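So the chains spell out like this:
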Amino acid sequence: MTDEAPYDVLIIGGGPAGLSAALNLGRSLMRVLVVDADRPRNAATLQSHGFLTRDGLPPHELRRLARAELAAYPNIEIRSRQRVFALRTTDAGFTAEVGRREPAASVTARSVLLATGLRETLPDVPNLRGFYGISLFSCAACDAWELRDRRLALIGESADLADRARLIARWTDSLTVFTLGSDAVTAAQQAELEAAGVGVQRHPITELVGERGTLEAVRLADGTEVALDGGFVRPEWQTELSFLDGIAPALDDDGNLVTDRSGRTDVPGLYAAGDAAIPGPQQLIVAAGAGARVAAVMVHDAVGVATAH
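Residues numbered from 1 in each chain as written. Predicted model: local features only at pLDDT ≥ 70, side-chain atom pairs only at ≥ 80, totals over all residues. Heavy atoms only, no water.

Turning our attention to the overall build of the protein chain. Regarding its fold elements, the protein chain presents six helices and 17 strands. Over its C-alpha atoms the protein chain spans a radius of gyration of 21 Å, differing by no more than 12% from the 19 Å that the globule rule assigns to 309 residues. Taking the principal axes of its C-alpha atoms as reference, the protein chain extends roughly 65 × 40 × 35 Å. Within the protein chain, buried positions represent 49% of all 309 residues. Sequence separation of 24 or more characterises 57% of the internal contacts of the protein chain that already satisfy a separation of 6 or more. Summing over all exposed atoms, the protein chain offers an accessible surface of approximately 15,100 Å²; the carbon and sulfur share of this is 50%. Of note, the protein chain has its 30 positive side-chain charges centred 6 Å away from the centre of its 40 negative side-chain charges. (Helix = DSSP H or I, 4+ residues; strand = E, 2+ residues; numbered from the N terminus. Rg over C-alpha atoms; globule rule 2.2 N^0.38 Å. Buried < 20%, exposed > 50% of the residue type's maximum accessible area, 1.4 Å probe, protein only. Contact = heavy atoms within 4.5 Å. Areas by Shrake-Rupley, 256 points an atom, 1.4 Å probe, with all protein chains shown as cover. Lys, Arg positive; Asp, Glu negative; His and termini not counted. Charge placed at Lys NZ, Arg CZ, Asp CG, Glu CD.)

Have a look at this one:
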């Protein structure tokens, strides 16, 4: 089955970047299709922060409000709980296999915006999921205000763990870094952190202690128990691009899409916005702004007008 009329833009992903882009493209008289699997990375988060006029709103409510606004535009279509199984280039642009399951319907579009965000893998810590989004978070800019002046943890194994610790220390004088038995924090970094009042625990975590998602302590393999009130984890992030069939946009060393400052990949007609591009601050308002910016660029490119950025 094929949708015969081509869309001007296919947006893959219905988070703040994709929905913001859809709004601005729709208002520019583009025919837009948004395909959203409805599996946002922040699904466990009870409140979102830092979004002007919407501070403290649950992320799912922000998405609901956005979709309600888009419903006023007849040239914007949203297909929820569907996914793109394959995306290919054609002489006229792109074709995508879209649906809930295969075999899916084929749709065509002159250009495509990737707004798929990131897939995250949390550190391998027993019962961490029970605390994630309630008292353990991944974004300091999003959630550290609510945890200010408390006893906090930073849990992870990545090479940037010491840098993240220095950032989180802005909000608390009681921070402990847990490296899970890894060498993510070097001896020199540990000395610097401890001189600044930040503790470092290198033993694996055997249990997170607390009730109903509220963290009370971390129990380590050596028997140590560290009393805590909450904190942060450092997930590993991956860009989901398995649906690109024969399309190979440039990626950086971490597997993130490389774009120019206007959101263009090196594949003509293929753009990226939000966390799907090389990640910056992972806040909803930043992603929404990126979606609006790339939408303007796509309109300019469609009519051959140089973008003044």
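Before going further, it helps to examine the state of the cysteines. Applying the stated criterion across every chain, the model contains one disulfide. Between the sulfur atoms of C139 and its disulfide partner C142 the distance amounts to 2.3 Å. Handedness here is read from the sign of the S-S torsion; for C139 and C142, about 70°, the answer is right-handed. The exposure classification of C139 matches that of C142, with both residues buried. (Disulfide = S-S within 2.5 Å.)

Attention now moves to the pairing of strand β13 (residues 214-220). Examined bridge by bridge, strand β12 (residues 205-211) and β13 share six bridges and lie antiparallel to one another. When the bridges of β13 are listed, G210 appears paired with L215. Pairing of β13 with strand β14 (residues 225-227), which is carried by three bridges, proceeds in the antiparallel orientation. Each bridged residue has a counterpart across the sheet, and for V218 the counterpart in β14 is V226. (Pairing = 2+ DSSP bridges.)

Working definition: the strands of a sheet are paired by backbone hydrogen bonds and lie parallel or antiparallel to each other. Reading across the sheet, the three strands line up as β12-β13-β14 and stay open at both edges, with antiparallel pairing between neighbours. Strands at the two margins of the open sheet, each flanked by one partner only, are β12 and β14. Each adjacent strand pair in this sheet contributes to an overall mean axis angle of 25°, direction not counted. (Axes fitted to C-alpha atoms, helices over the stretch in contact; angles between N-to-C directions.)

What follows covers the nonpolar core. L10, I12, V84, L87, V112, L114 and L270 are the most contacted members of the largest nonpolar core, which has 24 residues in total. Those elements that place two or more of their residues in this core are β1 (7-12), β2 (32-36), β4 (83-90), β5 (93-99), β6 (105-114) and β17 (270-272). Here this core gets four residues from one element, more than from any other, and that element is β6. With residues up to four places along the chain from it excluded, the contact list for L10 reads L33, V35, L87, A96, A109, S111, V112 and L113. With 22 residues, the next largest nonpolar core counts I11, Y271, V297 and M298 among its residues. (Core = buried A, V, L, I, M, F, W, Y, C linked by side-chain atoms within 4.5 Å.)

The next thing to look at is the sheet that holds strand β11 (residues 198-201). The strand order across the open sheet formed by five strands is β8-β15-β9-β10-β11, and the pairing between neighbours is parallel. The outermost strands of the open sheet, each flanked by one partner alone, are β8 (136-137) and β11. Bridge analysis of β8 against strand β15 (residues 230-233) gives two bridges, and the strand direction is parallel. By the bridge assignment, L136 is partnered in β15 with G231. The strands touched by helix α4 (residues 161-168) are β9 (151-155), β10 (174-178) and β15; relative to β9, the strand with the most contacts, the crossing angle is about 160°.

Attention now moves to a nonpolar patch on the surface. Taken together, the side chains of L52, I285 and V286 define a hydrophobic patch exposed on the protein surface, amounting to about 270 Å² of accessible area. Along the polypeptide, V286 turns up in helix α6 (residues 284-303). According to the relative accessible area criterion, V286 is partly exposed, its value standing at 36%. (Patch = residues over 30% accessible without salt bridge, like charges linked within 9 Å, V, L, I, M, F, W, Y side chains within 5 Å. Salt bridge = Lys/Arg side-chain N within 4 Å of Asp/Glu carboxyl O.)

Closest axis-to-axis distance for the α4/helix α5 (residues 187-195) pair is 10 Å, and the angle between their directions is 10°. Between α4 and α5, the crossing angle belongs to the class labelled roughly parallel. Packed against α4, whose contacting residues are A162, A165 and R166, the element α5 presents Q189, E192 and L193 at the interface. Looking at the contact of α4 with α5, its residues break down into three nonpolar, one polar and two charged. (Parallel < 35°, antiparallel > 145°, perpendicular 65-115°, else oblique. Nonpolar A, V, L, I, M, F, W, Y, C, P; charged D, E, K, R; others polar.)

Okay, α5 next. Those residues of α5 lying buried are Q189, Q190 and L193. Relative to the axis of α5, the buried residues are bounded by an arc of 100° and lie together on one face. Looking at α5, the residues exposed on the side facing more than 90 degrees away from the buried face are A187 and A195. Tucked inside the fold, the buried residues of α5 contact α4, β10 and β11. One or two residues past the end of α5 sits G197, with phi positive at roughly 90°. (Arc of directions from axis to C-beta.)

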